[in-house]
Amino acid sequence: MITLDQFKQIEMRVGLVVEAGEVERSTKLIKLIVDIGSELRTIFTAVRPFGYSPEYFLNKKFIFVMNLEYKKIMGEESQGMILAVGDDKPIFLVPVEDVAVGSKVR
């Protein structure tokens with residue numbers, strides 16, 4: 001269990017994927033360039049084995065965790081995490097209404 005104050009430390013924002021591409025030498029990764037309002041972030045997601053392609057993500061809004069420690073993946077930093085649900089094929093969380101890029105999830 002975590003406290004409400006601990007949960008509030010997780011920074012989740014609406015981001016718009018402005019670029020998406022396959023990662024050379026990887027059969028799993030897709031590299032996303034995400035506009036979070038104040039900056040662009042590079043975020044990797046390992047979902048190609050589930051049938052996702054870069055085109056699926058391009059020009060769409062998703063929910064991202066922004067304040068995770070950066071992680072080196074294939075020689076580059078992944079600067080966040082896209083949120084998804086499901087044990088089998090991931091289903092990505094998207095805003096159900098039009099909200100501004102960079103909006104904070106609360």
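Residues numbered from 1 in each chain as written. Predicted model: local features only at pLDDT ≥ 70, side-chain atom pairs only at ≥ 80, totals over all residues. Heavy atoms only, no water.

The chain appears in an unreviewed UniProt entry as tRNA-binding domain-containing protein.

## Some details on the pairing of strand 4 (residues 61-65)
For strand 4, a buried count of four out of five residues is recorded, marking the element as mostly surrounded by other parts of the structure. Across five bridges, the pairing between strand 1 (residues 12-22) and strand 4 is antiparallel. By the bridge assignment, Met12 is partnered in strand 4 with Val65. Across two bridges, strand 4 lies against strand 7 (residues 81-82) in antiparallel orientation. Note that in strand 7 the partner of Phe64 across the bridge is Ile82. (Buried < 20%, exposed > 50% of the residue type's maximum accessible area, 1.4 Å probe, protein only. Helix = DSSP H or I, 4+ residues; strand = E, 2+ residues; numbered from the N terminus. Pairing = 2+ DSSP bridges.)

## Comments concerning the pairing of strand 3 (residues 40-45)
Among the six residues in strand 3, five count as buried, and that is most of the element. The sheet contact formed by strand 2 (residues 30-35) and strand 3 spans six bridges and is antiparallel. Across the sheet, Lys31 pairs through a bridge with Phe44, a residue of strand 3. Linking two consecutive strands that pair antiparallel, namely strand 2 and strand 3, is a turn of four residues; a positive phi of about 100° is found at Gly37 within it.

## Remarks on the UniProt feature "domain: TRNA-binding" (unreviewed entry) in the chain
Per the UniProt record, "domain: TRNA-binding" (unreviewed entry) is found at residues 6-106. Helix makes up 7% of residues 6-106 and strand 40%. Its end C-alpha atoms lie 13 Å apart. (UniProt positions renumbered as here; feature names shortened; annotations may be inferred.)

## A look at a nonpolar patch on the surface
The grouping of Ile2, Leu4, Phe7 and Ile10 at the surface amounts to a nonpolar patch, some 380 Å² of accessible area in total. Along the chain, Phe7 falls in helix 1 (residues 4-8). You can call Phe7 partly exposed: its relative accessible area is 40%. (Patch = residues over 30% accessible without salt bridge, like charges linked within 9 Å, V, L, I, M, F, W, Y side chains within 5 Å. Areas by Shrake-Rupley, 256 points an atom, 1.4 Å probe, with all protein chains shown as cover. Salt bridge = Lys/Arg side-chain N within 4 Å of Asp/Glu carboxyl O.)

## Some words on the packing of aromatic side chains
This model, assessed by the stated rule, comprises ten aromatic pairs. With centroids separated by 5.0 Å and ring planes inclined at 75°, the aromatic side chains of Tyr52 and Phe92 adopt a geometry described as edge-to-face. One end of the pair, Tyr52, is in the loop between strand 3 and helix 2 (54-57); the other, Phe92, is in strand 9 (residues 91-92), and 40 residues separate them in sequence. By relative accessible area, Phe92 is classed as buried at 7%. (Phe/Tyr/Trp six-rings, centres within 6.5 Å; stacked < 30°, edge-to-face > 60°.)

## Section: the side chain of Gln79
Position of Gln79 among the secondary structure elements: in the loop between strand 6 (76-78) and strand 7. Filtering out sequence-adjacent residues up to four positions away, Gln79 remains in contact with Leu40, Arg41, Thr42, Ile43, Met66 and Tyr70. (Contact = heavy atoms within 4.5 Å.)

## A word on the sheet that holds strand 1
Taken together, the five strands give an open sheet; going across it, the order is 3-2-1-4-7, and neighbouring strands pair in antiparallel fashion. At either end of the open sheet lies a strand with only one pairing partner, and these are strand 3 and strand 7.

## As for the side chain of Ser26
Within the secondary structure, Ser26 is located in the loop between strand 1 and strand 2. Not counting residues within four places of it along the chain, the set of residues in contact with Ser26 comprises Arg48 and Met74.

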